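# Per-entry structural report
The lines below spell out each chain.
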Amino acid sequence: DVFNYATGQTWTVGSTLTMDGSLGYATMYTSAASPDTFMGMLGLQLGIPNTNDQGLGDDRYAGLPRFNTGFSAIGDAVGFIPTTRDDSTLSGSFNLTKVSGQHELKAGYSMTYMTLEHWNPEGANPRGQFDFATNATRTFGTGAQTGNFYNQYAAFLLGLVGTANRSLQWELFTVREWQHGLYFRDRWSVHPKV
């Protein structure tokens, strides 16, 4: 969901003086989940330790872990999902313009306040990821080749995991930032044509 709100005003104080200002607010909330999230903690249900949320009750860790078999992966292929992002921005500006002879003097101030709140345990996979060892099923010695995806698939069939990892996010990523700006300008018309 994205919402934007804005308002502005220009006030003519006199024949040579104007003031204007604007204020805006925007919010954005996005969330993404895997298609199998509704099926629960599948890794734990299959008896695979250290997968999903380990009993924390956090539904964002639900789904099937990823198994890199050498051929097409089984399970959640997208390591950055699930994710939630809740961002907002408040911005405003105020300007004062004075015309004096051949000069148009303008000064102003602008500010922006941004907030970001992200839950996004990127990297391995928040449900768990298993890479099967290509070296576990290959031959060694003179003339032997290095391990390949066939060896990795054989290791998968034998259950020989090479590496196992999982991404965790213990706290919400947050940003709070103020931005301020001041400026002054003199537009000088040397001549009506210059």
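Residues numbered from 1 in each chain as written. Predicted model: local features only at pLDDT ≥ 70, side-chain atom pairs only at ≥ 80, totals over all residues. Heavy atoms only, no water.

On to the environment of G63. With respect to the secondary-structure elements, G63 resides in the loop between helix 1 (42-45) and strand 3 (66-68). By relative accessible area, which is 0% here, G63 ends up buried. Along the sequence, G63 and G43 sit 20 residues apart, while their C-alpha atoms lie 7.3 Å from each other. Contacts of G63, omitting those with residues within four sequence positions, involve D36, T37, G40, M41, L42, G43, N52, D76 and R127. (Helix = DSSP H or I, 4+ residues; strand = E, 2+ residues; numbered from the N terminus. Buried < 20%, exposed > 50% of the residue type's maximum accessible area, 1.4 Å probe, protein only. Contact = heavy atoms within 4.5 Å.)

With that out of the way, let us pick up the pattern of salt bridges. Taken as a whole and judged by the stated rule, the model has four salt bridges. Between R60 and D58 there is a salt bridge, with the nearest N and O atoms lying 3.0 Å from each other. Ionic pairing is found between E104 and R187, a salt bridge with its closest N-O pair at 3.4 Å. Residue E104 is found in strand 5 (residues 103-119), and its partner R187 is found in strand 8 (residues 173-188); the two are separated by 83 residues along the sequence. (Salt bridge = Lys/Arg side-chain N within 4 Å of Asp/Glu carboxyl O.)

Strand order across the open sheet formed by five strands is 1-2-4-5-8, with antiparallel pairing between neighbours. Each edge of the sheet is formed by a strand with only one pairing partner; in this case those strands are strand 1 (2-14) and strand 8. Taking each pair of neighbouring strands and ignoring which way they run, the sheet shows an average axis angle of 5°. In this sheet, strand 2 (residues 17-32) lies alongside strand 1 in antiparallel orientation, the contact comprising twelve bridges. Within strand 2, the position partnered with Y5 by the bridge is Y25. (Pairing = 2+ DSSP bridges. Axes fitted to C-alpha atoms, helices over the stretch in contact; angles between N-to-C directions.)

Inspection of the secondary structure assignment puts K106 in strand 5. With no salt bridge to any partner, buried K106 finds its closest opposite charge in D20, at an N-O distance of 4.4 Å. In this structure, K106 is in contact with D20, N95, L96, T97, Y183, F184 and R185, ignoring residues within four places of it in sequence. (Lys, Arg positive; Asp, Glu negative; His and termini not counted.)

Taken residue by residue, helix 2 (residues 149-158) has N151, Q152 and A155 as its buried positions. Across the axial projection of helix 2, the buried residues extend over an arc of 100°, all falling on one side. Facing away from the buried surface of helix 2 by more than 90 degrees, the exposed residues are Y150 and L157. In this structure, the buried residues of helix 2 make contact with strand 3 and strand 6 (129-132). Just beyond helix 2, the residue with positive phi is G159, at close to 75°. (Arc of directions from axis to C-beta.)

Judged by side-chain polarity, F71, F149, Y150, Y153 and L157 come together as a nonpolar surface patch covering roughly 530 Å² of accessible area. Within the secondary structure, F149 is located in helix 2. Residue F149 is classed as partly exposed on the basis of its relative accessible area of 35%. (Patch = residues over 30% accessible without salt bridge, like charges linked within 9 Å, V, L, I, M, F, W, Y side chains within 5 Å. Areas by Shrake-Rupley, 256 points an atom, 1.4 Å probe, with all protein chains shown as cover.)

With that out of the way, let us pick up the nonpolar core. Judged by nonpolar contacts, L42, I48, L64, F67, F130, F132 and A155 together constitute the single largest core of seven residues. What A155 contacts, discounting residues up to four positions off in sequence, is F132, A133, T137 and L160. (Core = buried A, V, L, I, M, F, W, Y, C linked by side-chain atoms within 4.5 Å.)

Relative to the helices and strands, F38 is located in the loop between strand 2 and helix 1. Looking at F38, the relative accessible area reads 70%, which means it is exposed. Sequence spacing of F38 and G24 is 14 residues, and the spatial spacing of their C-alpha atoms is 38 Å.

If you walk across this open sheet you meet the three strands as 3-6-7, and the pairing is mixed. Looking at which strands have only one partner, the edges of the open sheet turn out to be strand 3 and strand 7 (161-165). Taking the axes of each pair of neighbouring strands and ignoring which way they run, one obtains an average angle of 15° across the sheet. Sheet topology places strand 3 next to strand 6; three bridges connect them, and they run parallel. Following the sheet pairing, N68 is matched in strand 6 by D131.

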